[in-house]
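Geometric and topological summary
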Amino acid sequence: EICRKAMAVEPADRYQTVAEFRTAVQSYMSHRESINISNMASATLEGCVKGMEAGDQGSRGGLYAGFNESIAGFQQSLRLWNGNTDAVDGEKEARSLYARAALDSGDLLLAEAQLEFLDDVESDRLKREIEQAIRDRDKASMASKTLKRTILSSIILVIVLLVSGGFMLMTMNSINSSIAAVTK
C-alpha cells in the first residue's frame, strides 16, 4: 500500500512530503509483526472458507481448529497493535464464518458462542437463524419425548390388558370347572 501510494500516477495521490512518506514507512516497520500475523490469520481463514465451500463434514474438527487458529492470530495481531483494522475486520469475519459453519453442522451452542463477540447486522441475522434452529431442535426433542411416552404408555396398557384377560380366562375356566363338577 505504501509503495502503491508512493508510485501513484497522479501526483496528488502520492505522499506530499518526504516526512509523510517516512512516517508511513516507520509506522509499517513498527507494526509489521502485527501485520504479518494478521496476514497469516487471513490465509488460515481462507483455508477455512475453502473447507466450508467443499462441504466436507468429515473434517469438521479440522475446520473448527482452523477457525480457532485464525481468530487467535487476529487477536495476537491486535495485542501487538490495537490499531490494526485488518485484524479487527478479520476476527469479525472469522467469528461470523465460524458461527455459520457451526450452525450448518448443527452445533448450535458453538454457533451461538461465536456471536457473543459480534454486534453487526450479519450477526443479528445469524442469531435469529440460530435461535430458530434451537427452537426447532427443542420442538423435535419434545415430540420425540412425547412419542416415547406414548409408546411406553401403549405397551403398559397392552400388558395390563393381557394380564387382565388372562386373569379373566382363568376365572372363567374355574367357574366352568365348578359348574361342570356340580352338574355331574
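Our structure is the block above this text.
As the structure is a prediction and not an experimental result, all values here were calculated from the model.

Side note on the nonpolar core
- Within the largest apolar cluster, 23 residues are counted, with the highest numbers of intra-cluster contacts made by Leu45, Phe67, Phe74, Leu103, Ala111, Leu115 and Ile130.
- It is helix α4 (residues 85-104) that provides the largest number of residues to this core, a total of seven residues.

A few points about the layout of surface pockets
- Estimates place the volume of the largest pocket at around 370 Å³.
- Considering the residues around the largest pocket, the lining is formed by 14 residues, among which Glu1, Ile2, Tyr28, Ile35 and Trp81 are closest to the centre.
- Counting only elements with at least two residues in the lining of the largest pocket, the list comes to α1 (2-6), α2 (18-54) and α4.
- Ranked by residues supplied to the lining of the largest pocket, first place goes to α2 with five residues.
- Per-class residue counts for the lining of the largest pocket are six nonpolar, five polar and three charged.

Thoughts on the pattern of salt bridges
- A full pass over the atoms with the stated rule returns seven salt bridges.
- In this structure, Arg125 engages Glu129 in a salt bridge whose closest nitrogen and oxygen atoms are separated by 2.8 Å. One end of the pair is Arg125 and the other is Glu129, both in helix α6 (residues 121-183) and four residues apart, which spans about a single turn.
- For Glu129, a relative accessible area of 29% gives the class partly exposed.
- Salt-bridge contacts for Asp138 lead to Arg137; the nearest nitrogen and oxygen are separated by 3.6 Å.
- Through salt bridges with shared partners, a single ionic network connects Arg100, Asp104, Arg125 and Glu129.

Criteria and cut-off values
Residues numbered from 1 in each chain as written. Predicted model: local features only at pLDDT ≥ 70, side-chain atom pairs only at ≥ 80, totals over all residues. Heavy atoms only, no water. Core = buried A, V, L, I, M, F, W, Y, C linked by side-chain atoms within 4.5 Å. Buried < 20%, exposed > 50% of the residue type's maximum accessible area, 1.4 Å probe, protein only. Helix = DSSP H or I, 4+ residues; strand = E, 2+ residues; numbered from the N terminus. 1 Å grid on protein atoms, 1.4 Å probe; cavity = no way out; pocket = protein on both sides within 12 Å on 5 of 7 lines; lining within 4 Å. Points joined across faces, edges and corners; volume = space filled by probe spheres on them. Nonpolar A, V, L, I, M, F, W, Y, C, P; charged D, E, K, R; others polar. Salt bridge = Lys/Arg side-chain N within 4 Å of Asp/Glu carboxyl O.

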